[in-house]
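Listed below, chain by chain, are the residues.
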Amino acid sequence: MLTSEFDYDLPDRLIAQEPIEPRDSSRLLDTRDLSDRRFSDLPSILRSGDLLVVNKTRVRPARLIGSKSTTGGRVEALLLKRRDDGNWDALVRPARRLRRGVHLRFGEIEAVLVSDPEDGSAVVALDAPVEIEEALTRWGEIPLPPYINRRLDDPGRYQTLWAEAPGSAAAPTAGLHFTPRLMEAVTEAGVETATIELEIGLDTFRPISVDRITDHRMHREAIRVDGAVADAVERTRQRRGRVVAVGTTSVRALEAAAAGGGAVSPLSGETDLFLHPGAEFSVVDALVTNFHMPRSSLIVMIAGFMGPGWRTAYEVAVERGYRFLSFGDAMFCERWS
């Protein structure tokens, strides 16, 4: 299967540059009948006995803006992942002017490049007068996707209702539509909620660079699915409810924890699960998701989950002027069989 099969024309005007207010007033395309709804209608789409699974990861303020300690030249670093040795994988720029051993300063955070940048990526050692997560809160910024060209006045607007432990380089954006009022309605509708954690890396959003989908190698992301989630899925099966994932990260976590068997088991570690057409979806019955970048692993997952109808849904969304990507609108879809 060719990567080009997952391409589509996304006009720049449809890429949402800022979040809509209130959060639950965004549009929601119900792909079952291609009807236009509002996200606040979600409780009426869900059924009593369903299980809503959300990602509770929090976006780390991991964008650092500073300078070279020697020349004062401006530099940026985006921390992606903490390594076992305590150093960090990071995207740095201007990469062509940075080399291993160079010293950088970001507020009170001092950094040294442990490796030469390769394709913009490098290993960085950090030192700060306080614990690193607190240091990032003081001197870091919330990173936004590169296709968003406006500054976010309220950084909390790029965090979900459930955001807890920091760890992600990007938000699980399907969760951005939820409000306390909406969740009250979800609970009143008889729907149970469970939380997983999957730390999102930037590779999630990058276009697939190989010609054939089967040649793509998925990046690894930290994942935590506890016993309470496994029990909630089992209760849902017993009462014949649907497991409804909020976002592709929730799908990936649940399917990784089931390993194709349908029964979810506790899992803590990393996953490189790549879900695509032909892969087995054994846990998730329905999905609430935003509209994704062409040729990305996310849209490949949607195609595997929805089947051929994914393209019709996207064509309809473009034709009707839906807002796309992180701050865009959403759609509701059921698993294709």
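1. Overview of the pattern of salt bridges
Now for step 1: Summed over the entire model, instances satisfying the criterion amount to 34 salt bridges.
Now for step 2: We note a salt bridge from glutamate 18 to arginine 150, for which the minimum N-O separation is 3.4 Å. Of the two residues, glutamate 18 is situated in the segment before strand S1 (27–30) and arginine 150 in the loop between helix H2 (132–139) and strand S11 (166–168); the sequence distance between them amounts to 132 residues.
Now for step 3: The partner of arginine 32 in a salt bridge is aspartate 30, and the shortest N-O contact between them spans 2.8 Å.
Now for step 4: Exposure remark for arginine 32: the relative accessible area of 39% places this residue in the partly exposed category.
Now for step 5: Several salt bridges share partner residues, and in doing so they unite Asp30, Arg32, Arg37, Arg47, Asp50, Arg242 and Glu334 into one network.

2. Thoughts on the nonpolar core
Now for step 1: Ranked by size, the top nonpolar core spans 91 residues in total, and within it Tyr158, Leu254, Val264, Phe324 and Met331 carry the most contacts.
Now for step 2: The leading source of residues in this core is helix H6 (residues 297–306), at seven residues.
Now for step 3: Residue contacts for phenylalanine 324: discarding those within four places in its chain leaves Tyr8, Leu10, Leu14, Ile15, Ala16, Phe291, Tyr314, Ala317 and Val318.
Now for step 4: Listed in part, the 20 residues of the second largest apolar core include Leu28, Phe178, Met183 and Val246.

3. A word on helix H4 (residues 227–238)
One turn of an α-helix holds 3.6 residues; hence residues three or four places apart share an orientation.
Now for step 1: With 12 residues, H4 extends 17 Å between its outermost C-alpha atoms, agreeing within 8% with the 16 Å of an ideal straight helix rising 1.5 Å per residue.
Now for step 2: Where H4 is concerned, the buried positions are Val229, Ala230, Ala232, Val233 and Thr236. Buried residues of H4, seen end-on, are gathered within an arc of 160° and therefore sit on one face of the element.
Now for step 3: Buried-residue contacts for H4 involve strand S3 (51–55), strand S12 (192–198), strand S13 (221–225), strand S14 (243–246) and helix H5 (248–258).

4. Digging into the sheet that holds strand S5 (residues 63–68)
Now for step 1: Strand order around the closed barrel formed by six strands is S5-S6-S7-S10-S9-S8, with antiparallel pairing between neighbours. Across the sheet, the mean angle from the axis of one strand to that of its neighbour is 45°, orientation sign disregarded.
Now for step 2: The pairing of strand S6 (residues 74–82) with strand S7 (residues 88–93) spans six bridges and is antiparallel. Residue pairing in the sheet places leucine 78 in a bridge with leucine 91 of S7.
Now for step 3: Across the sheet, H2 lies against S5, S6, S7, strand S8 (103–106), strand S9 (109–113) and strand S10 (121–127), angled at about 105° from S9, the strand it touches most.

5. Some remarks on empty space enclosed by the protein
Now for step 1: Applying the stated criterion across every chain, the model contains four cavities of 30 Å³ or more.
Now for step 2: Estimated volume of the largest cavity: approximately 100 Å³.
Now for step 3: Taken together, 14 residues form the lining of the largest cavity, with Ala171, Pro172, Thr173, Thr248 and Thr249 sitting closest to its centre.
Now for step 4: Breaking the lining of the largest cavity down by element, the ones donating at least two residues are H5 and strand S16 (286–290).
Now for step 5: Tallied by class, the residues present in the lining of the largest cavity amount to six nonpolar, eight polar and no charged.

Rules and cut-offs
Residues numbered from 1 in each chain as written. Predicted model: local features only at pLDDT ≥ 70, side-chain atom pairs only at ≥ 80, totals over all residues. Heavy atoms only, no water. Salt bridge = Lys/Arg side-chain N within 4 Å of Asp/Glu carboxyl O. Helix = DSSP H or I, 4+ residues; strand = E, 2+ residues; numbered from the N terminus. Buried < 20%, exposed > 50% of the residue type's maximum accessible area, 1.4 Å probe, protein only. Core = buried A, V, L, I, M, F, W, Y, C linked by side-chain atoms within 4.5 Å. Contact = heavy atoms within 4.5 Å. Expected span 1.5 Å × (residues − 1). Arc of directions from axis to C-beta. Pairing = 2+ DSSP bridges. Axes fitted to C-alpha atoms, helices over the stretch in contact; angles between N-to-C directions. 1 Å grid on protein atoms, 1.4 Å probe; cavity = no way out; pocket = protein on both sides within 12 Å on 5 of 7 lines; lining within 4 Å. Points joined across faces, edges and corners; volume = space filled by probe spheres on them. Nonpolar A, V, L, I, M, F, W, Y, C, P; charged D, E, K, R; others polar.

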